[in-house]
Amino acid sequence: MRRWLALGLVALAFAACRAEPTNDSGIRRNPPIAADDDDDQTTPLFDAGAPDAADTGPAQPEPSKACLTGDLAFCFTFEGTTDDVSPNAIKPTTSTNITFAPGKENQAASFTATSALRFDPNPVFELSTNATIEAWIRRQNTGADSVVLDVDGRFSLTIDAAANVLCKSGGGAVTGNTVVAPEVWAHVACVVDNGTLRVYLNGTEIGSGPGAIGSAPTLGAAIGGNSPDGEPFLGLIDSLRVFTVARTPAQISEAAKP
């Protein structure tokens, strides 16, 4: 009985071997692999996700167009800093209660009655016969003189109590004949040109008269108020620039474009 059982098992094994596919030489070959519907792409064991982006920190604003020009004595863009971003890199000696808000370009400095941005005496403030002050402002209506920039004893730009642009120099003062509207952006400028003061609002000349630049090497300067104190400006100031040259009417008009 055992003999017949063993012979039966051998016969079954032989039949199974003959049933497996072979090539033309009689060599057994592996069964065909099913078609891959994924174009032979290998599926990873885990999904690593997208590669990590380089850690560059918070996004930084682009450099302001306001300071990409020559003949600058100083330039304040107020992009999160109260420092001068011109090559002279003037830093304030006092910077108090100044915050930053959306500006005419990127950010602007926000001034209140308790804000102070003061500077010690600096040779950069000693200009000769020509100078230009330009700024974008958005003022609150205070009913009092509000100083945008005072380079003490030399020249300044103020919005007076009647809301007119007032340009002063060591040799004179000229008031513009057009009111600066509150709570809207306005471009204001004072030009000292060989003893003549010219006043601009939104790119248009609105007054002129005599006024040479004074010399005061022992005095400092202030933004958003008088130097050394008083007459605070309430509102926003952006792209404040002082040039060592008298800018032309065409240049002022171009800078004042919305």
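Residues numbered from 1 in each chain as written. Predicted model: local features only at pLDDT ≥ 70, side-chain atom pairs only at ≥ 80, totals over all residues. Heavy atoms only, no water.

(A) View of unusual backbone geometry. Of the consecutive residues Ser227 and Pro228, the connecting peptide bond is found in the cis state with omega at 10 degrees. One can find Pro228 in the loop between β14 (221-223) and β15 (235-243). If you check the backbone angles, Asn97 has positive phi at about 55 degrees while not being a glycine. Look at Asn97 and you get partly exposed, because its relative accessible area is 46%. (Helix = DSSP H or I, 4+ residues; strand = E, 2+ residues; numbered from the N terminus. Buried < 20%, exposed > 50% of the residue type's maximum accessible area, 1.4 Å probe, protein only.)

(B) Local environment of the state of the cysteines. Scanning the entire structure with this criterion turns up 2 disulfides. For Cys167, the disulfide goes to Cys190, at an S-S distance of 1.9 Å. Its torsion about the S-S bond being -85 degrees, the disulfide of Cys167 and Cys190 is classed as left-handed. Taken together, the residues span a long stretch of sequence, with Cys167 in strand β9 (residues 164-169) and Cys190 in strand β11 (residues 186-193) at a distance of 23 residues. Across this residue pair, the class does not change: Cys167 and Cys190 are buried. Described in terms of the sequence order of its bonded cysteines, the disulfide pattern of the protein is 1-2, 3-4. (Disulfide = S-S within 2.5 Å.)

(C) Examining the pattern of salt bridges more closely. Applying the stated criterion across every chain yields a total of 8 salt bridges. Measuring nitrogen to oxygen at the nearest pair gives 2.7 Å for the salt bridge that ties Glu126 to Arg154. Residue Glu126 is found in the loop between β5 (116-119) and β6 (130-139), and its partner Arg154 is found in the loop between β7 (146-151) and β8 (155-159); the two are separated by 28 residues along the sequence. For the salt bridge of Arg198 with Glu205, the shortest nitrogen-to-oxygen distance reads 3.9 Å. Overlapping salt bridges bring together Glu134, Arg241 and Arg247 as one network. (Salt bridge = Lys/Arg side-chain N within 4 Å of Asp/Glu carboxyl O.)

(D) Broad picture of the side chain of Ser86. In this fold, Ser86 is placed in the loop between β1 (72-76) and β2 (94-96). On the accessibility criterion, Ser86 (6% relative accessible area) is buried. Apart from residues no more than four positions distant in its own chain, Ser86 is found in contact with Leu72, Ala73, Phe74 and Cys75. (Contact = heavy atoms within 4.5 Å.)

(E) Expanded view of the layout of surface pockets. Taken as a whole, the largest pocket holds about 380 Å³ of empty space. Contributing to the lining of the largest pocket are 16 residues, with Glu105, Trp136, Glu254, Ala255 and Lys257 lying nearest its centre. For the lining of the largest pocket, the elements supplying multiple residues, two or more each, are β6, β15 and α2 (249-255). Grouping the constituent residues of the lining of the largest pocket by class yields 5 nonpolar, 3 polar and 8 charged. (1 Å grid on protein atoms, 1.4 Å probe; cavity = no way out; pocket = protein on both sides within 12 Å on 5 of 7 lines; lining within 4 Å. Points joined across faces, edges and corners; volume = space filled by probe spheres on them. Nonpolar A, V, L, I, M, F, W, Y, C, P; charged D, E, K, R; others polar.)

(F) A look at the pairing of strand β3 (residues 99-102). Relative to strand β4 (residues 107-111), β3 runs antiparallel, the two sharing 4 bridges. Following the sheet pairing, Thr99 is matched in β4 by Ser110. Here β3 folds back onto β4 in antiparallel fashion, the turn holding 4 residues, of which Asn106 has a positive phi close to 60 degrees. (Pairing = 2+ DSSP bridges.)

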